[in-house]
Amino acid sequence: DLPEVIEVRGEVYMTRADFLALNARRAEAGEPAFANPRNAAAGSLRQLDPAVTATRPLSCFAYAWGEVSEPVAATQWDFIQNLRRWGFQANPSKRCKDLGQCLSYYRDTEERRATLPYDIDGMVYKVNRIDWQERLGQVSRAPRWAIAHKFPAEKAQTILNDIIIQVGRTGVLTPVAELEPVTVGGVVVSRATLHNQDYIAEKDIRKGDAVLIERAGDVIPKVLEVIKDDAQKRSPKYVFPDHCLECGCRAVRLAGEAAWRCTGGLVCPAQAVERLKHFVSRGAFDLEGLGAKNIEAFWKDGLIKTPADIFRLKDRESDIRRREGWGDKSADNLFQAIAQRRTISLERFIYALGVPQVGQATARLLAKHYSELDGWRAAMDKAGDPDSDAYADLINIDGIGESVAGDILAFIKEGHNREVLNDLNGLLTVEPFKALDTAHSPIAGKTVVFTGALAAMSRGEAKARAESLGARVAGSVSKKTDFVVAGADAGSKAKKAAELGVKVLEEKEWLALIGSGAAA
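Residues numbered from 1 in each chain as written. Predicted model: local features only at pLDDT ≥ 70, side-chain atom pairs only at ≥ 80, totals over all residues. Heavy atoms only, no water.

### Remarks on the pairing of strand β18 (residues 483-486)
Every second residue of β18 is oriented toward a common face, with Phe 483 and Val 485 on one face and Val 484 and Ala 486 on the other, all of them buried. Two strands pair when backbone bridges link them, and strand β16 (residues 447-451) and β18 are joined in this way by 4 bridges, in the parallel orientation. Paired with Val 449 across the two strands is Val 484, which belongs to β18. In the sheet, β18 pairs with strand β19 (residues 503-506) via 4 bridges, with the strands oriented parallel. (Buried < 20%, exposed > 50% of the residue type's maximum accessible area, 1.4 Å probe, protein only. Helix = DSSP H or I, 4+ residues; strand = E, 2+ residues; numbered from the N terminus. Pairing = 2+ DSSP bridges.)

### Focus on the pattern of salt bridges
Summed over the entire model, instances satisfying the criterion amount to 34 salt bridges. Arg 9 serves as the salt-bridge partner of Glu 7, at 2.9 Å between the closest nitrogen and oxygen. With a shortest N-O distance of 2.6 Å, Lys 277 and Glu 296 are connected by a salt bridge. Of this pair, Lys 277 sits in helix α8 (residues 269-279) while Glu 296 sits in helix α9 (residues 292-300), and the two are 19 residues apart along the sequence. (Salt bridge = Lys/Arg side-chain N within 4 Å of Asp/Glu carboxyl O.)

### Some thoughts on the side chain of Arg 206
Here Arg 206 is to be found in the loop between α7 (197-203) and β10 (210-216). The buried category is assigned to Arg 206, whose relative accessible area is 15%. A polar contact of 2.9 Å, which involves the side chain of Arg 206, links it to the backbone oxygen of Ser 235. Setting aside its immediate chain neighbours within four residues, Arg 206 contacts Leu 160, Arg 234, Ser 235, Pro 236 and Lys 237. (Polar contact = N/O pair within 3.5 Å; in protein donor to acceptor, adjacent residues only side chain to side chain. Contact = heavy atoms within 4.5 Å.)

### Topic: the packing of α8 against α9
Packed helix pairs are characterised by how far apart their axes lie and by the angle those axes make with each other. With their axes 10 Å apart at the nearest point, α8 and α9 run at an angle of 135 degrees to one another. Taken together, the axes of α8 and α9 are oblique relative to one another. Considering the relative orientation of α8 and α9, their crossing is right-handed. Across the interface between the two elements, Pro 269, Ala 272, Val 273, Leu 276 and Lys 277 of α8 pack against Ala 292, Ile 295, Glu 296 and Trp 299 of α9. (Axes fitted to C-alpha atoms, helices over the stretch in contact; angles between N-to-C directions. Parallel < 35°, antiparallel > 145°, perpendicular 65-115°, else oblique. Left-handed = near helix turned anticlockwise from the far one by under 90°.)

### Observations regarding the packing of helix α17 (residues 402-413) against helix α18 (residues 415-425)
Across the interface, α17 lies against α18 with an axial gap of 5 Å and an inter-helix angle of 75 degrees. The orientation of α17 with respect to α18, classified from their angle, is roughly perpendicular. Packed against α17, whose contacting residues are Phe 411, Ile 412 and Lys 413, the element α18 presents Gly 415, Asn 417, Arg 418 and Leu 421 at the interface. Grouping the constituent residues of the contact of α17 with α18 by class yields 3 nonpolar, 2 polar and 2 charged. (Nonpolar A, V, L, I, M, F, W, Y, C, P; charged D, E, K, R; others polar.)

### What about the sheet that holds β16?
Taken in spatial order, the 4 strands make up an open sheet running β17-β16-β18-β19, and their pairing is parallel. Strands with a single pairing partner mark the edges of an open sheet, and in this sheet they are β17 (472-473) and β19. Sheet strands touched by helix α19 (residues 459-468): β16 and β17. Its angle to β16, the strand with the most contacts, is close to 170 degrees. Sitting on the sheet, helix α21 (residues 507-514) touches β16, β18 and β19, and the angle it makes with β19 is about 95 degrees.

### Structural notes on the nonpolar core
The biggest cluster of nonpolar side chains holds 60 residues, and the ones touching the most others in it are Ile 310, Phe 349, Leu 366 and Trp 376. When residues of this core are assigned to their parent elements, the largest contribution, 6 residues, is made by α17. If we skip the residues at most four places from it in the chain, Phe 349 touches Phe 285, Ile 344, Leu 373, Leu 421, Leu 424, Leu 428 and Val 430. Leu 160, Ala 177, Tyr 199 and Val 211 belong to the second-largest nonpolar core, a separate cluster that totals 17 residues. (Core = buried A, V, L, I, M, F, W, Y, C linked by side-chain atoms within 4.5 Å.)

### Topic: the packing of aromatic side chains
What the rule picks out here adds up to 12 aromatic pairs. Geometrically, the ring pair formed by Phe 450 and Trp 510 is edge-to-face, given 5.4 Å between the ring centres and 90 degrees between the ring planes. Taken together, the residues Phe 450 in strand β16 and Trp 510 in helix α21 connect sequence positions 60 residues apart. Neither Phe 450 nor Trp 510 differs from the other in exposure class; each is buried. An aromatic cluster of at least three residues, connected via ring pairs, comprises Tyr 13, Phe 61 and Tyr 118. (Phe/Tyr/Trp six-rings, centres within 6.5 Å; stacked < 30°, edge-to-face > 60°.)

### Brief notes about α19
Listed as buried for α19 are Glu 461, Ala 462 and Ala 466. For α19, the buried positions fall inside an angular range of 130 degrees around the axis, keeping them on one side. Against the buried residues of α19 lie α6 (130-136), β16, β17 and α21. (Arc of directions from axis to C-beta.)

### Focus: the environment of Pro 241
Along the chain, the position of Pro 241 falls in the loop between β11 (220-227) and β12 (251-252). Between the C-alpha atom of Pro 241 and that of Ile 165, which follows or precedes it by 76 residues, the distance is 8.7 Å.

### Considering unusual backbone geometry
If you check the backbone angles, Asp 204 has positive phi at about 55 degrees while not being a glycine. With respect to the element layout, Asp 204 can be found in the loop between α7 and β10. In this model, Gln 357 sits at a positive phi of 70 degrees, which is unusual for a non-glycine residue. With respect to the helices and strands, the residue Gln 357 is situated in the loop between α13 (346-352) and α14 (360-370).

### Describing the side chain of His 369
Within the secondary structure, His 369 is located in helix α14. Not counting residues up to four positions away in its chain, the partners in contact with His 369 are Asp 393, Ile 397 and Arg 472.

Any functional reading would require information that these geometric values do not contain.
Below you can see the structure in the form of structure tokens.
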């Protein structure tokens, strides 16, 4: 009874026994051991050569679907049973009728955690009915119908040997604790984040202190507190630097912000390298073969200085093939990956630029609203005038406020960034945003504003439904608004719509317009 087409999704993992056996074989072969099963599994999947992946002892728990030719089940529980009947391995699960049963199963699983043959860091609660999952939808990549409940993080005590400063791609100076190596949750930890200047001052963290650390979510190490000993003399309080330790430029801390930022911009080598790493990351250009170490090495040796230089690496082919650790196969794979990425979607391109506060969700909002790269750049140039219609149009995008708009416009205005954009524009094909097929939608291309309390669905559901039908959802009413959907206790937005002559729809009229399936 398999559907004609079904894409099964899941999570690849490595059991503890398989992990230990793999490390034993690597030790016999004189190869370095993997740190933990999670990293071993992830690294195995990201191998450029699938033959290497095939040698690794990987397993998979199936739990979701992608493309299907017909409905897979009425409930999540039924789908999991179907997966098992179809021959897939599924993680143990349980149907719970209320919160009490959920928490009881959580506590039971936490007690059995150490006896499981694989590592887990928590559980996921999901709405069982699939039609309700579809109605709830998702925000960016996070579903509204599922939530993770993590187990308490494991803790350990160690010594903080030093505090160093790392400079990120946006110039933020992040303090990092250099620790005496200690095992936490099966992983050796030698560094942990200290967040910012205020965190260090609040916890009174100093060099030489005994500290308690944990791996938040079993992944990111952080310092929780200082274990003070009155009998031990402590080092002087840590003084946060007021200049960038990478380029020497002045560092500033703006009012209302916790972070210090380097003012060096693209002349700062740390920012340049981190921006390049972001540019080739998975959500951006996703360039296999250009990992963090290769980016650092290529930048240091002058092979790449700007993102556009990546697409000119073919001109340095002979230099790359002669580099240590680079054979013909790895070089061929790199050039092939670069060639494939010369065409990219607008949303991935915007995200790759590394504009502060512009993540994947915001990049998609911008791509959807402006459709094409030239249109977006032209609109941003006009939006530099805060009194312009273009600026009002930008901050009217639902999900983009004045703070995000300010970072976008500052990025576009900066001369070096404009040069990078022009350079990339001559080397790449940036595809226009691909809208959903909404040929038969009565609101495709329309701008909609919601106000007041809706009865048939939540505001979030209504926005998601409108967007799925090709509409643009705005946060405020303007002369470009096509419809204002007014629920109970509609306020100033409905009044402004009347003043501008914008059509106001009651909720019933809205549901009738978009079709009976709106509240299904």
